[in-house]
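Descriptive structure summary
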Amino acid sequence: MKCVDDFRLRLGKHELVPIVIGGMGVDISTAELALVAVRLGGIGHISDAMLPTVSDRPHQTKYVKDKLKQYKYNVDNADKSAVRFDLGLLAEATEHHVRKVMETKRGSGLVFINCMEKLTMNAPKETLRVRLRSALDAGIDGITLAAGLHLGSFALIEDHPRFRDAQLGIIVSSLRALQLFLKKSARTHRLPDYIVVEGPLAGGHLGFGMDWANYDLATILAEIRAWLTAERLDIPLVPAGGIFTGGDAVGFLENGAAAVQVATRFTVAKECGLPDEVKQEYFKASEADIEVNGISPTGYPMRMLKGSPGIGAGIRPNCEAYGYLLDASGNCQYIDAYNREVAAHPGAKKIQVWDKTCLCTHMRNFDIWTCGHYTYRLKDTTRRLPDDGYALLTAEHIFNDYRYSKGNEIALPAA
Ligand SMILES: Cc1cc2nc3c(=O)[nH]c(=O)nc-3n(C[C@H](O)[C@H](O)[C@H](O)COP(=O)(O)O)c2cc1C
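Below you will find a few notes about this structure. (Residues numbered from 1 in each chain as written. Predicted model: local features only at pLDDT ≥ 70, side-chain atom pairs only at ≥ 80, totals over all residues.)

The subject of this paragraph is the site of the ligand. Close contacts around the ligand come from 30 residues, with Gly 22, Ala 146, Gly 203, Gly 204 and Gly 372 the closest. Across the shell around the ligand, the residue classes tally to 15 nonpolar, 14 polar and one charged. (Near = placed C-beta within 6 Å. Nonpolar A, V, L, I, M, F, W, Y, C, P; charged D, E, K, R; others polar.)

Set out below in structure tokens:
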């Protein structure tokens, strides 16, 4: 019986352990987590979601405070179109964060950054251009284009000196999305170096509708593989979503996948950015505690624990400090939902908003507990503690379990 370590991923001149830790915003996939994968010869992702605020904590910068100060006059205004990101500061924050990670990097693996198109930041094209180019400037090994079709993303960086040497990949959840991306990017004469095919059991936002349960990763992967073969395109495929054991991964690798992308198992790693008490919620979760709902203002369904404190919280929109989900005209679905509830409850001190959530604020504060479908199996990956909690794992332990375990084995940490 084979294990993941019997396979290798070839990307350009690199030969890698075929395990990719997926990007998890906002700072759930920390630099520390990504760097473990790199040290062990795989690929780790950082995320560029809300990087100015992520950077404020370790690097003592004041991006959020300064932005809030600049736009404080607008806090009670329903119209947020004036709240813009300073592109120079956005570049500075991204470059600084990425450069720090790259300086600390040790080992033969690679660090990629997850870049979500849905973070429209009140100027979708301009801000995405800055985010992509700054990450390349700072020496990132690769960029994974996520949460969106990215029809114009290659064009935003085609004149960058690293456009052809950095590893560039895209996450898709259907053949159609891939075809659209390839068609629109053809003008740049560059194919993606890898394609992450994300199925409906993944964490975070889903590239499906609320009928996600009708889809299946292996089927989508087979469809994409058959089409690429017919088109004579040789691009490594990386399935993601619900790959919980080394044995699951081997199943995909034996069927032609180049690597696997995994995330949920790492949410309970010591190096993961979630607070420890939230990691315990992930361990405790049963299948019935997990739902896919429509409260993300992005319009994509999102999987999360039903007990997430951000669900129903009717806080004032925080766009003056954050504003990452403002569309090109300064709108966000949460602002509309919030204003509707305020108007419906005149004079109320506290309101609740159930149909949408202020995702920027709640992701930043770790109050929306997004998770993969198999989060309810995390308790089987560790030992109980005498005080009733579960022992956190090291990222190295989880990575090595994926790498060396066989069949449906899951190695427990040493007692
Ligand atoms: C907590 C969490 C947060 C995530 N955040 C993002 C994200 O910001 N961007 C993204 O493209 N994918 C995100 N994902 C998806 C993962 O990168 C990955 O593709 C997927 O979850 C793999 O499936 P698994 O969790 O079942 O292993 C997230 C997943 C989890 C569990």
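Still more to cover.
Right, let's get into the environment of Leu 237. Here Leu 237 shows up in strand 10 (residues 237-240). Residues in contact with Leu 237, not counting those within four places in the same chain, are Ile 195, Val 197, Leu 221, Ile 224, Arg 225, Ala 257 and Ala 258. (Helix = DSSP H or I, 4+ residues; strand = E, 2+ residues; numbered from the N terminus. Contact = placed C-beta atoms within 7 Å.)

With that out of the way, let us pick up unusual backbone geometry. Here the bond from Gly 25 into Val 26 is cis, since omega is 0°, no more than 30 degrees from zero. Its place among the elements puts Val 26 in the loop between strand 3 (19-21) and helix 1 (31-39). You will see that Met 50, though not glycine, has its phi angle at about 55°, which is positive. Since 23 C-beta atoms lie within 10 Å of it, Met 50 is described here as buried. Of note, Ala 147 is a non-glycine position whose phi angle comes to about 45°, a positive value. Along the chain, the position of Ala 147 falls in the loop between strand 6 (142-146) and helix 6 (153-157). (Buried ≥ 20, exposed ≤ 12 C-beta atoms within 10 Å, placed from the backbone.)

Once that is clear, we can look at helix 13 (residues 395-404). Among the residues of helix 13, those classed as buried are Ala 395, Ile 398, Phe 399, Asp 401, Tyr 402 and Arg 403. Structurally, helix 13 contributes buried residues whose contacts are with strand 3, helix 1, helix 9 (246-254) and strand 11 (260-262).

Nonpolar side chains in soluble globular proteins tend to end up buried together. Among the nonpolar cores identified, the biggest contains 125 residues, and Ile 19, Ala 34, Ile 140, Ile 143, Val 197, Val 238 and Val 260 are the most heavily contacted of them. The dominant element in this core, judged by the number of residues it contributes, is helix 1, at seven residues. Apart from the residues within four sequence positions on either side, Ile 19 is in contact with Val 4, Ala 37, Gly 42, Ala 259, Val 260, Val 262, Phe 399, Tyr 402 and Arg 403. (Core = buried A, V, L, I, M, F, W, Y, C linked by C-beta atoms within 7 Å.)

So, about helix 9. Turning to helix 9, its buried residues number three or more, namely Gly 246, Ala 249, Val 250, Phe 252 and Leu 253. Down the axis of helix 9, the smallest arc covering the buried residues is 160°, so these residues share one side. Considering only its buried residues, helix 9 is in contact with strand 10, strand 11 and helix 13. (Arc of directions from axis to C-beta.)

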